[in-house]
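# Residue-level structural notes
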Amino acid sequence: MKAFTYERAHDPVAAARAVAARPGARFIAGGTNLLDLMKIEVETPVHLVDVQDLKLDRIEPTDAGGLRIGALVTNTDLATDSRVRRDYGVLSRAIVAGASGQLRNKATTAGNLLQRTRCAYFYDTNMPCNKRKPGSGCAAIGGISRQLAVIGSSDKCIATHPSDMAVAMRVLDATVETVNAIGETRAIPIADFHRLPGDTPHIETALAPGELITAVTLPKPIGGKHVYEKVRDRASYAFALISVAAVIQPDGTGRVALGGVAHKPWRDEAAEAELPRGAKAVTAKLLAGAKPTHDNAFKLPLAERTLAAAMAEARTTA
Amino acid sequence: MKFETPEGANPIDRMNVVGRAHVRIDGPLKTTGTAPYAYEHHREIANAAYGYVVGAAIGKGRISAIDLTKAKAAPGVVAIVTADTAGKLGKGNFNTVKLLGGPDIDHYHQAIAIVVAETFEQARAAAALIRVDYARAEGRFDLDEALKTAALTGGDSDDGKPAVDRVGQFDQAFAAAPVKLDAHYSTPDQSHAMMEPFASIASWRGDELTVWTSNQMIDWGRGDLAKTLGMPKNKVRLVSPYIGGGFGGKLFLRSDAVLAALGARAAGRPVKLALQRPLIANNTTHRPATRQHIRIGATKDGIITAIAHDSGSGDQPGGGPETAVNQTKKLYAGANRMTSMHLAEIDLPEGNAMRAPGEAPGLMALEIAMDEMAEKLGMDPIAFRIKNDTQVDPEKPGRKYSERQLVRCLEDGAKRFGWSQRNAKPAQVRGGRWLIGMGVATAFRDHMNMTSAARVRLGKGGIVTVETDMTDIGTGSYTIIAQTAAEMMGVPVNAVVVKLGDSDFPVSAGSGGQFGAANATAGVYAACVKLREAVAQRLGFNSADTMFEGGKVRSGNRSADLAQAADAGELVAEDKIEYGKLDKTYQLSTFGAHFVEVGVDAYTGVIRVRRMLAVCAAGRILNPQTARSQVIGAMTMGVGGALMEELTVDTRFGFFVNHDLVGYEVPVHADIPHQEVVFLDEADDKANPMKAKGIGELGLCGVGAAVANAVYNATGVRIRDYPITLDKHLEHLPALV
């Protein structure tokens, strides 16, 4: 770990200003990912701006009939909120499918969206990694890639985004609210929030330097059956090989997003139109153009079968 | 005490204390955080500086330049030691590869430096400032490639040359067999992944070195540390009272102890260090991967006439094979037999022992093969195994098994588990979205005799103190040793103090190869026999008929308090258990049967264990509670080996990629369902005076195959390559409706 300076911010704009003013500065909230990465020098911030006092820890109704989730709401508080459980079940289920109770108590809503990939080569500083060290190459391509992306990847990076919560946020059409150093706010649709790796895998989101997430808003509830199916080798505390977030309406229409397949939650509204025709039709469209590796080609049939499981689950639960 | 003939009646047979469930006597210390582990001996060493180990960044090659300038100038740095400054180092007898690399690098994450600083954070930060230039060399990292030209190794030839072990005429018998199986199996490299990392605190006083460490075999570690540092063994003291798991990874001296000692010498003060988790998988040892080939031929009614097993594995130059054919030599009858091993030289980190080396991966293959054979024969897999039971060593039929209750384990287990409910035809049982299957496998592991010594003191108030360098790696050694001394001296367990894991104490068997419990307690038994004589003598009793019970010593109609014998001063006795040739005359082994039920998600192929049962016959069970813990822990490890554990090899860079506990998955609570353990009554009078054998590895042996067979029974898809993950059967699962 490199030595760093630390300050605690007391309002969002000041926090944004503090980070914008110092190249190499980072926000820290729960620290469940950033601190681990700092210890092995995958992340080497020179300055940390602690945002835990910003009072962004409430869940409030919006005028549009949705919910505004403060950036610092913990994963535990979000998953157990009665409104979330009632109206956005897929979000609650996705969150409890991830990490452990201890981590969820500490991890925040914004931090969850910003967690880094779990690609083993990203974690090993002896290995080339374009995400960790731009231009150094990608050791995962041609390496061990069972966990890694099958679609939307590039010849620079085949990492996946590890979050479960983000997959549910994507299926719910959440919006990420931010503020910057001069107090400007913006609302970024979750679809545009995470980027594909392209030639710049180190740039993972639409956030500008120093731009701070203040909240994530959910539109008004859309009803339907909410399902989150997560597939992994062990029963808990493991990242998804494939996950499916689905909201299925009584008429068989609905929404689907996949986790574990790409650098971002993977959703295609055109593919969703195929839902009444079954899982195969949906995944054929959703994963068209996929470029799996030898290690992870199984994710394509697995995605279809997991979606079929989610659809069956939606049919059987009342 | 020399154990040369089968044991008659002895005081342990009373089983007033031994053989009864007893909670761990060290439990309160552990649950209150007051049992000091290797990194925590603050009381003994208050002023330790912190060490941080730097691992090599390449799989094979040379350090062409190393620049310490920035690291030396970093805040808090006290000393840095590399191969350039360490002085001449030897290599331990139990180490294949040197523990401090440079300039030649033998494997990825081989230690190349220790940075010592005032704080841990300073040491870690400075370590990252060391600049190393490497000249990368071509390495042999692909086991399958290396095995193509691998030489034969091992075998029982008289001339000591590698041999194929043969009985009868395998080739002819196999060719003639009406029913046969010819199949290949593989097991991956596995990491011990023990909870406590390798850790040591080293402190020099003049030319004398004390190292608080985490080591299963104190005397081996002491000898190898002395040899590595080029100093007399009697100038080294190793202390390892509590160990947070080892599983064979801590059988040997490792880099933590050597580098702590070198760092402390350079710093001129004590140094503590723990290997950081991401370093452990490649810096230390692992269970080597195997490629196994099994052929079995049988008559139509299921009598094995031919059985052959070859295992290939790889290791660093000078290393050894994973002896995965061990059990096939002895477990089942069959007139024509052939076993062999091939060993490839590779440049991955050093392979070595991990819990039940040999049998664990060997049975993962053999016991699938037995399941496959049973199916070919149209026989129940339990009936097939029973039909081929043997009460003698099939390679040397003159040698009987001292005790062999395998048939009872299988039959008893079948009844308890509800085996009759199993549908022999696979992929028939469905519960909601789950395909359900049952599997069985034999558990088998040899029991080994090891010399083991102990010192026993009778002190004021009748307190009995046991001293031995035996270790407790979470197994319950403290408790069973206390129970043994309590039984022998006729006192309650709480009147016994047990001191372990210190090279100042008599040399014990140590913990490994499931030989620890039986041999270490037998050593304590021997010392207690001597102490009983000393007590009788002190009290003026006739030692031949003296009874020790209820804190009293009785001889004829005379009686005295045991404590009285120490009134005139402490009584001390020391002895060791040594063995004659009983283990040559008889085959000493332990047996069991593992039963597993799994569910396989018909949609996703996800595999989850639903229930498990182990029935074990392993001599006298010294403490059913700690023995049960050993077995359920082993069963859990077996589930990991079956379903998830694999060090993945990057054959380009030459290293284990998933070198942390995110990438290397071991079971979590949610993976482990109801587990049941049954011990059959047994007292093996040919093993030792305790009439006990090992249990800690038996619990693992066969679990993987029982899981694999259950998965097959659930799906009808046979997987012969571990770990059994969903991607290996996904596309062959029954079609979705």
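Residues numbered from 1 in each chain as written. Chains lettered and ligands numbered in written order. Predicted model: local features only at pLDDT ≥ 70, side-chain atom pairs only at ≥ 80, totals over all residues. Heavy atoms only, no water.

### Let's talk about the overall build of chain B
Inclusion rule: In this text, helices come from DSSP runs of H or I with a minimum length of four residues, and strands from runs of E with a minimum of two, each type numbered from the N-terminal end. Each radius of gyration reported is based on C-alpha atoms, and the globular scaling rule is 2.2 Å times the count of residues to the power 0.38. Only protein chains enter the accessibility calculation, which uses a 1.4 Å probe. A residue is then buried if its area is under 20% of the maximum for its type, exposed if over 50%, and partly exposed in between. In these tables, accessible area is a Shrake-Rupley quantity obtained with a 1.4 Å probe, and a residue counts as shielded only by the protein chains included in the view. The charge count treats Lys and Arg as positive and Asp and Glu as negative. His and the chain ends do not count. Charge coordinates come from a single atom per side chain, which is NZ of Lys, CZ of Arg, CG of Asp or CD of Glu.
Summing up its helical and strand segments, chain B has 17 helices and 33 strands in all. Since a compact globule built from 737 residues should have a radius of gyration of about 27 Å, the 27 Å found for chain B is in line with a globular shape. Across its three principal axes, chain B shows a C-alpha extent of roughly 80 × 75 × 55 Å. A burial count over chain B gives 63% of its 737 residues as buried. Summed over its atoms, the accessible surface of chain B is roughly 25900 Å², and 50% of this surface lies on carbon and sulfur atoms. Charged side chains in chain B number 81 positive and 83 negative. The centres of these two groups are separated by 2 Å.

### Brief notes about the UniProt feature "domain: FAD-binding PCMH-type" (unreviewed entry) in chain A
Inclusion rule: UniProt positions are given in the numbering used here, feature names are shortened, and annotations may be inferred rather than shown by experiment.
UniProt marks residues 1-223 of chain A with the feature "domain: FAD-binding PCMH-type" (unreviewed entry), using the numbering shown here. Within the segment residues 1-223 of chain A, helix and strand shares are 28% and 16% respectively, and the terminal C-alpha atoms sit 47 Å apart.

### What about the interface of chain A and chain B?
This is how the line gets drawn: Two residues form a contact once any of their heavy atoms are found within 4.5 Å. By convention, the term buried area covers the 1.4 Å-probe accessible surface removed from two parts as they join, with the contributions of both added. Each reported salt bridge corresponds to a side-chain nitrogen of Lys or Arg within 4 Å of a carboxyl oxygen of Asp or Glu.
Between chain A and chain B, the contact holds 36 residues from the first and 38 residues from the second. Here chain A meets chain B over a buried area of about 3000 Å², counting both sides, of which 58% is carbon and sulfur. It is Asp233, Arg234 and Arg305 of chain A in chain A that bury the most area against chain B; as a group they hold 24% of the surface buried on that side. Linking chain A with chain B are 3 salt bridges, by the criterion used here. When the shortest N-O distance is used, the salt bridge between Glu229 of chain A and Arg433 of chain B registers 2.9 Å.

### Things to note about the sheet that holds strand β30 (residues 607-617) of chain B
The strands that make up a sheet are held in pairs by hydrogen bonds between backbone atoms, and each pair lies either parallel or antiparallel. Residue and element names in this part refer to chain B. For clarity, the threshold we go by: When DSSP locates at least two bridges between a pair of strands, those strands are taken to pair.
As summarised here, the arrangement of the 5 strands in space is β19-β20-β29-β30-β33, forming an open sheet in which the pairing is mixed. Only two strands of the sheet have a single neighbouring strand rather than two, namely β19 (430-431) and β33 (674-679). With 2 bridges joining them, β19 and strand β20 (residues 434-446) adopt antiparallel strand pairing. Residue pairing across strands places Arg430 opposite Leu435, the latter belonging to β20.

### Regarding the side chain of Arg337 of chain B
Residues and elements named next belong to chain B. Put simply, the rule is: As used in this structure description, the phrase polar contact means that two N or O atoms lie within 3.5 Å; if the pair is within protein, one of them must be able to donate a hydrogen and the other to accept it, and residues adjacent in sequence are counted only when both atoms belong to side chains.
Among the structural elements, Arg337 can be located in strand β17 (residues 336-345). One polar contact links the side chain of Arg337 to the main-chain carbonyl oxygen of Lys329, over a distance of 3.5 Å. Residue contacts for Arg337: discarding those within four places in its chain leaves Asp165, Arg166, Val167, Phe170, Ile307, Thr328, Lys329, Lys330, Tyr332, Pro394 and Glu395.

### Description of the environment of Val211 of chain B
Residues and elements named next belong to chain B. Inspection of the secondary structure assignment puts Val211 in strand β12 (residues 208-213). Sequence separation between Val211 and Ala257 is 46 residues; the distance between their C-alpha atoms is 7.0 Å. Beyond its immediate sequence surroundings of up to four residues, Val211 is in contact with Ser200, Ile201, Ala202, Leu225, Arg237, Leu238, Val239 and Ala257.

### Considering the environment of His109 of chain B
The residue His109 of chain B is located in the loop between β5 (104-105) and β6 (111-117) in this model. Along the sequence, His109 of chain B and Gly398 of chain B sit 289 residues apart, while their C-alpha atoms lie 49 Å from each other. Apart from residues no more than four positions distant in its own chain, His109 of chain B is found in contact with Asn126 of chain A together with Gly55, Ala56, Pro278, Leu279, Asn282, Asn283 and His659 of chain B.

### A word on the pairing of strand β3 (residues 47-50) of chain A
All names here are of chain A. Definition in use: By convention a crossover is right-handed if, when the strands point away from the viewer, the path from the first strand over the helix to the second runs clockwise.
Residues His47 and Val49 line one face of β3 and the alternating positions Leu48 and Asp50 line the opposite face, and both faces are buried. Looking at chain direction, strand β1 (residues 5-8) and β3 are connected through 4 bridges and run parallel. Within β3, the position partnered with Glu7 by the bridge is Val49. For the crossover that starts at strand β2 (residues 25-28), traverses helix α2 (residues 34-39) and ends in the parallel β3, the hand is right-handed.

### Some remarks on unusual backbone geometry
Note on backbone geometry: most residues besides glycine have negative phi, and most peptide bonds are trans. Going from Gly102 of chain B to Pro103 of chain B, the amide bond is cis rather than trans, its omega being -5°. Note on placement: Pro103 of chain B falls in the loop between β4 (77-82) and β5. Here the residue pair Tyr722 of chain B and Pro723 of chain B is connected by a cis peptide bond, since its omega of -5° sits within 30 degrees of zero. Mapped onto the elements of the fold, Pro723 of chain B is located in the segment after α17 (703-715). Although it is not a glycine, Asp173 of chain A sits at a positive phi angle of roughly 60°. Checked against the element boundaries, Asp173 of chain A lands in the loop between α9 (165-171) and β6 (175-179). Positioned with a positive phi, Lys691 of chain B is a non-glycine residue whose angle comes to about 60°. The residue Lys691 of chain B is located in the loop between β33 and α17 in this model.

### With respect to the side chain of Asp684 of chain B
Residue and element names in this part refer to chain B. When you line up the elements, Asp684 lands in the loop between β33 and α17. A relative accessible area of 0% means that Asp684 is categorised as buried. In this structure the side chain of Asp684 is engaged in a polar contact, spanning 3.0 Å, whose partner is the backbone nitrogen of Lys686. Aside from chain neighbours lying at most four places away, what touches Asp684 is Ser402, Glu403, Leu588, Gly619, Arg620, Lys691 and Lys693.

### Overview of the packing of helix α12 (residues 279-286) of chain A against helix α13 (residues 299-316) of chain A
Relative orientation and spacing of two packed helices are given, respectively, by the angle between their axes and the distance between those axes. Residue and element names in this part refer to chain A. Under the convention used in this document: Angles shown run from 0 to 180 degrees and are taken between the N-to-C directions of axes, each axis being a line fitted to C-alpha atoms and, for helices, limited to the stretch in contact. Should an angle fall under 35 degrees it is called roughly parallel, over 145 degrees roughly antiparallel, and 65 to 115 degrees roughly perpendicular, with every other angle called oblique. Put simply, a crossing is left-handed when the front helix is turned counterclockwise from the back one by less than a right angle, and right-handed when it is turned clockwise. Here the term charged refers only to Asp, Glu, Lys and Arg, the term nonpolar to Ala, Val, Leu, Ile, Met, Phe, Trp, Tyr, Cys and Pro, and the term polar to all other amino acids, Gly among them.
Closest axis-to-axis distance for the α12/α13 pair is 9 Å, and the angle between their directions is 135°. For the element pair α12 / α13, the angle class is oblique. The two elements α12 and α13 cross, and the hand of that crossing is right-handed. Touching Ala279, Lys280, Val282 and Thr283 of α12 are Ala303, Glu304, Leu307, Ala308 and Met311, all from α13. Taken together, the residues of the contact of α12 with α13 break down into 6 nonpolar, 1 polar and 2 charged.

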